[in-house]
Amino acid sequence: NLVDILRCSVGVNQHPKNLVYEISEKGLEFGESFFAANNIINDGPVIALQAGASQSKRQWDAPKFAQLVKMLIEELNARVILTGIPKEQKIASEILSHYNHPRVCSSIGKTSVPQLAAILKKCNLLVTGDTGTMHLSVAVGTPVVAGFLASAYCFETGPYGAGNFVLQPQISCGPCNPNFRCQKTDCHDHFTPEMIY
């Protein structure tokens, strides 16, 4: 989105309209083996969940994620795959302490970028904040539901392409300055698990 602003400012009219990430054969094989090892079959939607974020103020609360996971599983018979890097294991563990179910599995800290791309490609949806995983998901053709909190601003770094859904609270302090600590995270209270569901 930022590149589009710059592109328009210098008069370049052509653009790709969407992101593209080519998944290697090795990556595709990993995706297949990950789904097989975790017994993920077509008995309901497969939804990836990226709960971590680059800053804690941009990360939705674990109990709310847990409520959302519960709704996805109990209402839709979904399979939920937790994604992220090793340092995001903490929020995943907290989510699972509030709600754990055999239909939840984790790829946290277990994937390279090509491997994560392959997992996302096989999912029906990604639920995330403003993350690199969001952009990778869009690039492999998997739609996202993205919640933009604190300093994240959807018109700058939102998912690039059609078919994605963005939630951004319209409040007086948002988006806040990324270099300062939030005095209050009112934006977090504007999303409910029911709304995301």
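Thresholds applied
Per chain, residues are indexed from 1 in the order of the written sequence. Only residues with pLDDT of at least 70 get local features here, since the model is predicted, and only at 80 or more are side-chain atom pairs given and counted; chain-wide, interface and lining totals rely on the full set of residues. To obtain the side-chain values, all non-hydrogen atoms of the structure were included, while hydrogens and water were left out. Buried residues are those whose accessible area, probed at 1.4 Å on protein chains only, stays under 20% of the maximum for their type, while exposed residues exceed 50% and partly exposed ones sit between those limits. Numbering goes from the N terminus for both helices and strands, where a helix is a DSSP run of H or I of at least four residues and a strand is a run of E of at least two. Note: the arc covers the axis-to-C-beta directions of the helix. Every residue pair with non-hydrogen atoms within 4.5 Å of one another is taken to be in contact. Nonpolar cores were defined as sets of buried Ala, Val, Leu, Ile, Met, Phe, Trp, Tyr and Cys residues, with membership established by side-chain atoms within 4.5 Å. Ring pairs shown here join Phe, Tyr and Trp side chains whose ring centres sit within 6.5 Å, with only the six-membered ring taken for Trp; geometry is labelled stacked below 30 degrees between planes, edge-to-face above 60, and tilted in between. Criterion used throughout: strands pair if DSSP finds at least two bridges between them. Only the contacting stretch of a helix is used when fitting its axis, a line to C-alpha atoms as for every element, and angles between N-to-C directions run 0 to 180 degrees. Summary of the metric used: pLDDT quantifies the predictor's per-residue confidence within the range 0 to 100. These descriptions rest on fixed angle ranges, namely under 35 degrees for roughly parallel, over 145 for roughly antiparallel, 65 to 115 for roughly perpendicular, and the rest for oblique. Helix crossings are classified by the rotation of the near helix relative to the far one: an anticlockwise turn of less than a right angle makes the crossing left-handed, while a clockwise turn makes it right-handed. Throughout, the ten residues Ala, Val, Leu, Ile, Met, Phe, Trp, Tyr, Cys and Pro are labelled nonpolar, Asp, Glu, Lys and Arg are labelled charged, and all others, Gly among them, are labelled polar. Only one rule defines a salt bridge in this text: a Lys or Arg side-chain nitrogen within 4 Å of an Asp or Glu carboxyl oxygen.

**Q** Please clarify how helix H4 (residues 89-98) should be interpreted in this entry.
**A** Structural remark: α-helix, 3.6 residues per turn; residues separated by three or four positions point the same way. For H4, the full list of buried residues reads Ile 91, Ala 92 and Ile 95. The buried residues of H4 occupy an angular sector of 100° when the element is viewed end-on, so they sit on one face. Residues of H4 that are exposed and angled more than 90 degrees away from the buried face: Lys 90 and Ser 97. As for H4, its buried residues are in contact with strand E1 (46-50), helix H3 (62-76) and strand E2 (79-83).

**Q** Any chance you could explain the nonpolar core here in plain terms?
**A** Soluble globular proteins: nonpolar side chains tend toward being buried together. The biggest cluster of nonpolar side chains holds 25 residues, and the ones touching the most others in it are Leu 49, Phe 65, Val 69, Val 80, Leu 82, Ile 95 and Ile 196. Where this core is concerned, the elements lending two or more residues are E1, H3, E2 and H4. If we skip the residues at most four places from it in the chain, Leu 49 touches Phe 65, Val 69, Val 80, Ile 81, Leu 82, Thr 83, Ile 95, Leu 126 and Val 127. Grouped together as the second largest cluster of nonpolar side chains are 23 residues, Leu 116, Ala 118, Leu 136 and Ala 146 included.

**Q** I would appreciate a short explanation of the packing of aromatic side chains in the present structure.
**A** Each aromatic ring pair is summarised here by two numbers: the centre-to-centre distance and the angle between the ring planes. Here the structure, examined in full by the defined rule, presents 2 aromatic pairs. Site record: aromatic cluster; members linked through ring pairs are Phe 30, Phe 34 and Phe 35.

**Q** Just to check I follow, could you spell out the sheet that holds strand E3 (residues 104-106) for this structure?
**A** Strand pairing within a sheet occurs via backbone hydrogen bonds; the two strands may be parallel or antiparallel. Ordered by their spatial adjacency, 6 strands build an open sheet running E3-E2-E1-E4-E5-E6, and the pairing between neighbours is parallel. Every interior strand has two partners, whereas the edge strands, E3 and strand E6 (165-167), have only one. Neighbouring strand axes in the sheet, compared pairwise and without regard to direction, differ in orientation by 20° on average.

**Q** Quick question: what am I supposed to make of the confidence of the model for the protein here?
**A** In regions of low pLDDT, the predicted coordinates are not meant to be interpreted in detail. Taken over all residues, the pLDDT of the protein has a mean of 84, while the share at 70 or more is 81%. Here helix H7 (residues 154-157) stands out as the element of the protein with the lowest mean pLDDT, 66, in contrast to E2, whose mean of 97 is the highest.

**Q** Honestly, the pairing of E1 in this entry has me stumped. Any pointers?
**A** Along any regular strand, the residues point their side chains to alternate faces of the sheet. Of all 5 residues that make up E1, 5 are buried, and the element is covered over most of its length. Of the two faces of E1, the one holding Val 46, Ala 48 and Gln 50 and the one holding Ile 47 and Leu 49 are both buried throughout. Note that E1 and E2 share 5 bridges and pair parallel. Within E2, the position partnered with Gln 50 by the bridge is Thr 83. Where E1 and strand E4 (residues 125-128) come together, 3 bridges link them in parallel fashion.

**Q** Mind showing me how you'd approach unusual backbone geometry here?
**A** Even without being a glycine, Asn 39 presents a positive backbone phi close to 55°. Topologically, Asn 39 is positioned in the loop between helix H2 (25-37) and E1.

**Q** Explanation requested: the packing of helix H5 (residues 113-122) against helix H6 (residues 132-139) in the structure shown.
**A** Two packed helices can be described by the angle between their axes and the distance between those axes. Interaxial distance between H5 and H6 falls to 9 Å at its minimum, and their mutual angle equals 60°. Viewed along their axes, H5 and H6 adopt a mutual orientation that is oblique. Judged by the twist between their axes, the crossing of H5 over H6 is right-handed. The residues of H6 that touch H5, namely those facing Val 113, Leu 116, Ala 117 and Leu 120, are Thr 133, Leu 136 and Ser 137. Considered class by class, the residues forming the contact of H5 with H6 number 5 nonpolar, 2 polar and no charged.

**Q** What's the story with the pattern of salt bridges in this structure? I'm lost.
**A** Pairs can form between side chains of opposite charge whenever their charged atoms are close. Within this structure, the stated rule accounts for 2 salt bridges. Among the ionic pairs, Lys 122 bridges to Glu 32, the shortest N-O distance being 3.2 Å. Here Lys 122, found in helix H5, pairs with Glu 32, found in helix H2; they are 90 residues apart in sequence, far enough to count as distant. The class for Glu 32 is partly exposed, based on a relative accessible area of 48%. A salt bridge links Asp 43 to Arg 103, with the shortest nitrogen-to-oxygen separation between them at 3.0 Å. Pair noted here: Asp 43 is in the loop between H2 and E1 and Arg 103 is in the loop between H4 and E3, with a separation of 60 residues, a long-range link. Asp 43 gets classed as partly exposed once you look at its relative accessible area, which sits at 34%.

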